[in-house]
Amino acid sequence: MLQYSTGAAEYSILYTGTWVRQENSLILYHLGHLLLEILTKEIISCGRCPRLRQHSAEIAQVKRRAYRDQTYWGLPVPSFGDPAARVLVLGLAPGAHGSNRTGRMFTGDRSGDILYKVLHKTGFASHPASVSRQDGLTLHDLYITAAAHCAPPGNKPTPEELRNCRPYFERELELLPNLKVIVALGKIAFDVYLDTLKSRGVITSRARFVFGHDLVYRPAPGLPVLISSYHPSQQNTSTGKLTEEMLTDVFRRARRAAGRISKKNLAADETR
Ligand code: SF4
């Protein structure tokens, strides 16, 4: 039984991942949903990384000229998506003038522009663009989280900051009972997931996991498939390292993998 040291005692007892996984009843679905909402509130009020909190708040004060008339979010950005998701997207961290401004993952910058276009094309998002928390966009069968929930200077959280934030990701893994596929956007996200598996004793070494674009791994029987992808950062997309077609391939693969695993046909999707 897994238990978590953070949070109030009464629901630390309920964070028993396996309990939620074993029964896929409506009651447990709603319980998981409720616990995700509690987790969201914890993330928004988190202060474990003073450097990141200060940076996010400063950006929110100074602003970019184009957004001068907007009120920036400036807080840790919570995860977003469908609590029944089979696919989990693990990104890096909020963009300074993207989700640090809008308060929703991958919303309001170039990374989000390409990601949501692709998610819409592959049937995971209701709209092809995400501009604000109030734009009505919903995700289906997909949940988006990040290795760090606060905008870091230079888009580079420190190893300590990543370690600080990882417990939130680990709780999400337990609270999303239908997960079949993890899509890691970028090497940092890929490493964070592997570190999580290593700390849980699921894998003993990361040696066989080589980061690359559109590569598929099955870390252990019964665990979600891991797909690695280049991050849809402006740097990668403007240089052509990552194109819309390449990212579309990743999410088409994720959908196929989620369906195959749901049907218990586990053998066919080992590394490419
Ligand atoms: S990065 Fe994560 S752990 Fe650090 S302050 Fe933000 S929410 Fe908290």
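It should be emphasised that the depicted structure is a prediction, and the values quoted were computed from it without experimental measurement.

Would you mind going over the overall build of the chain with me for this structure?
Across its full length, the chain carries ten helices and six strands. Buried residues in the chain amount to 43% of all 272 residues. For the chain, the share of sequence-separated contacts (at least 6 apart) that also reach a separation of at least 24 residues comes to 67%.

Can you walk me through helix H7 (residues 159-175) in this structure?
Quick reminder: α-helices carry 3.6 residues per turn. Residues three or four places apart thus point the same way. Between its first and last C-alpha, H7 extends 25 Å over 17 residues, near the 24 Å set by a 1.5 Å rise per residue. Along H7, the helix axis deviates most sharply at Cys165, where the bend reaches about 35 degrees; the proline Pro167 sits within four residues downstream. Of all the positions in H7, only Glu161, Leu162, Cys165, Tyr168, Phe169, Arg171, Glu172, Leu173 and Leu175 are classed as buried.

Any chance you could explain the nonpolar core here in plain terms?
A general tendency of soluble globular proteins is for nonpolar side chains to be buried together. Formed by 69 residues in total, the largest nonpolar core has its most connected members in Leu90, Ala147, Val183 and Ala189. In contact with Ala189, not counting residues within four places along its chain, are Leu90, Gly91, Leu92, Ala147 and Ala184.

Hey, could you run me through the site of the ligand in this one?
In the neighbourhood of the ligand, 14 residues make up the surrounding shell, with Cys46, Cys49, Pro76, Cys150 and Cys165 lying closest. Broken down by secondary-structure element, the contributors of at least two residues to the shell around the ligand are helix H4 (50-62) and H7. Looking at the shell around the ligand, its residues break down into eight nonpolar, three polar and three charged.

Whenever I open this one, unusual backbone geometry confuses me. Can you help?
Peptide bonds are mostly trans, and most non-glycine residues show a negative phi. A positive phi angle, close to 60 degrees, is found at Asn155, a residue other than glycine. In this fold, Asn155 is placed in the loop between strand S3 (142-146) and H7. You can call Asn155 partly exposed: it has 17 C-beta atoms within 10 Å. Despite not being glycine, Asp214 shows a phi value in the positive range, around 60 degrees. Note that Asp214 resides in the loop between helix H8 (187-199) and strand S5 (215-217). Given 16 C-beta atoms within 10 Å, Asp214 falls into the partly exposed group.

What exactly am I supposed to notice about the environment of Ala151 here?
One can find Ala151 in the loop between S3 and H7. C-alpha separation for the pair Ala151 and His97, spaced 54 residues apart in sequence, amounts to 9.0 Å. Among all residues touching Ala151, those that are not within four sequence positions of it are Leu52, His55, Ser56, Ile59, Ala93, Pro94, Gly95, Ala96 and Asn100.

Would you mind showing me how to read the pairing of strand S2 (residues 87-91) here?
Working note: regular strand, side chains alternate between the two faces of the sheet. Of all five residues that make up S2, five are buried, and the element is covered over most of its length. The two faces of S2 match: Val87, Val89 and Gly91 on one face and Leu88 and Leu90 on the other face are all buried. When S2 meets strand S4 (residues 181-185), the two strands line up parallel, connected through four bridges. Bridge pairing links Val89 to Val183 in S4.

Would you mind going over H4 with me for this structure?
Compared with an ideal rise of 1.5 Å per residue, which puts 13 residues at 18 Å, H4 spans 18 Å between its outermost C-alpha atoms and is within 8% of the ideal. All of the buried residues in H4 are Leu52, Ser56 and Ile59. Axial view of H4: buried residues confined to an arc of 65 degrees, hence all on one face. Exposed positions of H4 whose direction lies more than 90 degrees from the buried face are Pro50, Gln54, Gln61 and Val62. Contacts from the buried residues of H4 go to helix H5 (99-102) and H7. Of the residues trailing H4, Lys63 is marked for its positive phi of about 65 degrees.

Looking at this model, I keep getting lost on the environment of Gly108. Mind explaining?
Following the sequence through the fold, Gly108 ends up in the loop between H5 and helix H6 (110-121). The sequence separation of Gly108 and Val131 amounts to 23 residues, and the corresponding C-alpha distance is 4.9 Å. Look past the residues within four positions of Gly108 in its chain and what remains in contact with it is Gly98, Ser99, Arg101, Thr102 and Val131.

Looking at this model, I keep getting lost on the sheet that holds strand S1 (residues 80-81). Mind explaining?
Working definition: the strands of a sheet are paired by backbone hydrogen bonds and lie parallel or antiparallel to each other. Sheet architecture is open: six strands sit in the order S1-S3-S2-S4-S6-S5, paired in mixed fashion. The outermost strands of the open sheet, each flanked by one partner alone, are S1 and S5. Relative to strand S6 (residues 225-229), S4 runs parallel, the two sharing five bridges. If you follow Val181 over to S6, its bridge partner there is Val225. This element, H8, spans S2, S4 and S6 of the sheet and lies at about 135 degrees to S4.

About the thresholds
- Residues numbered from 1 in each chain as written.
- Predicted model: local features only at pLDDT ≥ 70, side-chain atom pairs only at ≥ 80, totals over all residues.
- Helix = DSSP H or I, 4+ residues; strand = E, 2+ residues; numbered from the N terminus.
- Buried ≥ 20, exposed ≤ 12 C-beta atoms within 10 Å, placed from the backbone.
- Contact = placed C-beta atoms within 7 Å.
- Expected span 1.5 Å × (residues − 1).
- Bend = angle between axes of the 7 residues up to and from the residue.
- Core = buried A, V, L, I, M, F, W, Y, C linked by C-beta atoms within 7 Å.
- Near = placed C-beta within 6 Å.
- Nonpolar A, V, L, I, M, F, W, Y, C, P; charged D, E, K, R; others polar.
- Pairing = 2+ DSSP bridges.
- Arc of directions from axis to C-beta.
- Axes fitted to C-alpha atoms, helices over the stretch in contact; angles between N-to-C directions.

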